[in-house]
Amino acid sequence: MGRLARAMVRFYVTTPIYYVNDAPHIGHAYTTVTGDALCRWHRLLGEDVFYLTGTDEHGLKMLRAAEAAGLTPRELADRNSARFKDAWDLLGIQYDQFIRTTEERHYAAVQQFLQSIYDAGDIELRTYEGLYCVACEGYYTEDEAVPAEGGGEGEFLCPVHGRPLELLQEDNYFFLLSRYEQRLLDWYAEHGDAVYPETRRNEVLGFIRGGLKDISVSRSSFNWGVPLPWDRSHVAWVWFDALPNYITAAGYGSDPAAFEKWWPADYHLVGKDIIRFHAVYWPAMLMSAGLEPPRHVAAHGWLLVGGEKMSKTRLNQIAPADLVGDFGVDGFRYQFLRDVAFGPDGDFSYEGMLHRYNADLANQLGNLFSRVATVVGRKCGGVGPRPQAGSPLQEVAAEAYEAAAAGWARPNPAEALDATWRLVRESNAYLEANEPWKAEPGAEVDAVMGDALEALRIVAVLASPAIPTTCDEIWRRLGLPGRVADQRLPGAAAWGGYPGGLAVEKGEPLFPRKQA
């Protein structure tokens, strides 16, 4: 058993850890649901999966948010971290760890990590003056910043948040990032798929080739953070505290066997606005500490509302619970996985979500199941027949599996679900062509219904990473034993798995149609 366990493929996926100066919104949920679905797919492949999410709780932005709310930073962190946990519970997120950067184990790991970089000679003390964005917790050069419209000389805005940048001066410890320019270029030359999609890879390479400047790794003007192990008058810059969460959770500094198993991460799922932190700063930090960089950084675009990025100042943030009440958990999950391609920006609208719910879930999948269960009840005595070998749907099912597997492997959930729904559409067309509801009970009806039941069984497996609760319910109503999550691909997608002779239950509509 031990040898088998060691031989099992392992798959480690992370979301960003979300900053707790505010409550979770659908932008956070998009990344987290994507990671959850990706991990569910890899569990179906029989892999040993580790899914990490959590909250980022230090830094100047957090300190100021707490002061504005009349709370201590820890009180605000406790309150808002719990909100993220509640949101992920609501959405059925199966994370393996939820890490908080205020945990003692993380303090110890960050200090060990920073000490190793310091001991490598890659950190030195300097006085620094620069344009600082509190929202980003990062410095920008004048070339990177946006000149303020109508502002005076030296007035600039953050290129991400559009907020005024502050001119800060303080003694900081600096990480000598400039030393790692060629090593990073060499790494990406050897690992062509380390950043996904290609547009983000090109962005990263352009940033590196433009010349890397050393970056501040500490703050001395406040104390809400992890103290540096060699100088406790400084705390770690929030990004040097946040990024190591990925190794803390994997066992760095506390569980060498676990760390050897899980590191490097297979995928860091991030938004495009934090790609340089994850694909430039983080790999260089790891190289300095003698650790491997992550295997892949996959960066998606912004989830826009009305064409604009969500923010508190624009008052356009939408909480997941606001939509789950109308569309259900699986309706919510399906919309963001199906309609928002991984990579470019996606524009959310309630009308678009309503259309996708009715078109794909109510009219296609829900209608397919209702038709099949109704005909089996009326023409087959409520007992499902076996599928045909060589059915017209068999080739469609095989193609759907191959295309879905390719989509999840990229990762591109929208592509994977489009492939899965091809089988749904073709199954509905198959029923329309054969019209079993008009035929007399007998071998012809049994053959068509057995094929349709088998198609539904395969759809339940392929769609389960996106809509797990519904797929389990389809599985149960088809009379199949166990749960979808117990199945293993590729065998579970092979034609002929529905045994026949099982009682089929119609039940209530899986996805009642919604009105505008």
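Look a little higher up for the structure.
Now for a quick tour of the structure. (Residues numbered from 1 in each chain as written. Predicted model: local features only at pLDDT ≥ 70, side-chain atom pairs only at ≥ 80, totals over all residues. Heavy atoms only, no water.)

A look at the overall build of the protein chain
Part 1 of the argument: Summing up its helical and strand segments, the protein chain has 17 helices and 21 strands in all.
Part 2 of the argument: For the protein chain, the C-alpha radius of gyration of 26 Å lies close to 24 Å, the compact-globule estimate for 516 residues.
Part 3 of the argument: When the backbone C-alpha atoms are referred to their principal axes, the protein chain occupies close to 85 × 55 × 40 Å.
Part 4 of the argument: Counting every position in the protein chain, which comprises 516 residues, the buried fraction comes to 58%.
Part 5 of the argument: Put simply, of all contacts in the protein chain between residues at least 6 apart along the chain, 77% involve residues at least 24 apart.
Part 6 of the argument: Summed over all atoms, the accessible surface of the protein chain reaches about 20,900 Å², with 49% contributed by carbon and sulfur. (Helix = DSSP H or I, 4+ residues; strand = E, 2+ residues; numbered from the N terminus. Rg over C-alpha atoms; globule rule 2.2 N^0.38 Å. Buried < 20%, exposed > 50% of the residue type's maximum accessible area, 1.4 Å probe, protein only. Contact = heavy atoms within 4.5 Å. Areas by Shrake-Rupley, 256 points an atom, 1.4 Å probe, with all protein chains shown as cover.)

Remarks on the packing of helix H15 (residues 413–434) against helix H16 (residues 443–463)
Part 1 of the argument: Running from amino to carboxyl end, H15 crosses H16 at an angle of 165°, the nearest separation of the two axes being 10 Å. Taken together, H15 and H16 sit at an angle that is classed as roughly antiparallel. Helix-helix and strand crossings are classified by hand; for H15 and H16 the assignment is left-handed. Packed against H15, whose contacting residues are Thr-420, Trp-421, Leu-423, Val-424, Ser-427, Tyr-430, Leu-431 and Asn-434, the element H16 presents Ala-447, Val-448, Met-449, Asp-451, Ala-452, Ala-455, Ile-458, Val-459, Leu-462 and Ala-463 at the interface.
Part 2 of the argument: Classifying every residue of the contact of H15 with H16 by side-chain character gives 14 nonpolar, 3 polar and 1 charged. (Axes fitted to C-alpha atoms, helices over the stretch in contact; angles between N-to-C directions. Parallel < 35°, antiparallel > 145°, perpendicular 65-115°, else oblique. Left-handed = near helix turned anticlockwise from the far one by under 90°. Nonpolar A, V, L, I, M, F, W, Y, C, P; charged D, E, K, R; others polar.)

A look at the state of the cysteines
Part 1 of the argument: For the coordinates displayed, the defined rule picks out 0 disulfides.
Part 2 of the argument: Cys-471 supplies the cysteine sulfur nearest to Cys-39, a cysteine that is in no disulfide, at a spacing of 17 Å.
Part 3 of the argument: Taking the relative accessible area as the measure of exposure, Cys-471 reaches 1% and is therefore buried. (Disulfide = S-S within 2.5 Å.)

Notes on the side chain of Thr-470
Part 1 of the argument: Within the element layout of this structure, Thr-470 appears in helix H17 (residues 468–477).
Part 2 of the argument: In this structure Thr-470 comes out as buried when scored by relative accessible area, which is 9%.
Part 3 of the argument: For Thr-470, the contacting residues outside a window of four places in its chain are Asp-330, Leu-510 and Phe-511.

Observations concerning the pairing of strand S15 (residues 267–271)
Part 1 of the argument: Most of S15 sits inside the fold, with 5 of its 5 residues counted as buried.
Part 2 of the argument: Of the two faces of S15, the one carrying Tyr-267, Leu-269 and Gly-271 and the one carrying His-268 and Val-270 are both buried.
Part 3 of the argument: In this structure, strand S1 (residues 10–14) lies alongside S15, joined through 2 bridges in parallel fashion. Of the residues in S15, the one forming a bridge with Thr-14 is His-268.
Part 4 of the argument: Of the pairings in the sheet, the one linking S15 to strand S16 (residues 297–300) comprises 4 bridges and is parallel in character. Along S16, the bridge assignment pairs His-268 with Val-297. (Pairing = 2+ DSSP bridges.)

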